[in-house]
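A structural walkthrough
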Amino acid sequence: MDMDGGDPSDNHNSEEAAAIGAPSVKGGLNPEASRLFRVYRTISNMLTNRGYMVPKDLRVMTPSLFVTKFGEYPEREALTILVEKADDETNQLFIFFPTDEKVGVKPIKVFTDRMRAEAVTNA
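Description of the structure in this document. (Residues numbered from 1 in each chain as written. Predicted model: local features only at pLDDT ≥ 70, side-chain atom pairs only at ≥ 80, totals over all residues. Heavy atoms only, no water.)

With respect to the nonpolar core
Ranked by internal contacts, the top residues of the largest apolar core, which has 19 residues, are Tyr 40, Leu 47, Phe 66, Ile 81 and Phe 97. Contributing elements (two or more residues each) for this core: α2 (31-49), α4 (63-70), β2 (81-85) and β3 (92-95). In terms of residue count, α2 provides more of this core than any other element does, six residues in total. Ignoring anything within four residues of it in the chain, the contact list for Phe 66 reads Ala 33, Leu 36, Phe 37, Tyr 40, Met 61, Gly 71, Pro 74 and Leu 79. Listed in part, the five residues of the second largest apolar core include Phe 96, Phe 111, Met 115 and Val 120. (Core = buried A, V, L, I, M, F, W, Y, C linked by side-chain atoms within 4.5 Å. Buried < 20%, exposed > 50% of the residue type's maximum accessible area, 1.4 Å probe, protein only. Helix = DSSP H or I, 4+ residues; strand = E, 2+ residues; numbered from the N terminus. Contact = heavy atoms within 4.5 Å.)

Topic: the side chain of Arg 76
Tracing the chain through its elements places Arg 76 in the loop between α4 and β2. When near neighbours in sequence (up to four residues on either side) are disregarded, Arg 76 contacts Glu 32, Arg 35, Leu 36, Phe 97, Pro 98 and Thr 99.

Observations regarding the sheet that holds strand β1 (residues 52-53)
Taken in spatial order, the three strands make up an open sheet running β1-β2-β3, and their pairing is antiparallel. Of all strands in the sheet, those with a lone pairing partner are β1 and β3, marking the two edges. Relative to β3, β2 runs antiparallel, the two being bridged by four bridges. Across the sheet, the residue bridging to Glu 84 is Gln 92, located in β3. (Pairing = 2+ DSSP bridges.)

Below is the structure:
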């Protein structure tokens, strides 16, 4: 018996409901890439809202562009972002994506060394 009152031979409504209820991965990305994409997009929006000059390719990033730029399995180091304030180009900010689940002294030292080398004081 068809419960939705439609044609019993037309079962696309149940298929749509199953698709809606099924866990999907944004833009066809694998779960880790999807999570990194969402973080990357959120950070881009936050930086823009806080007056940093964020390149257009970051502001309009889509899942397919994300894969094109970083690959299906992005390396976190490649995701590093460097931006500057719109009203003060000397006020720069690095966004790092550490690979370690718990960031210790060694990764922090690598980040601070890079900041020092590029004369950036905020991260």
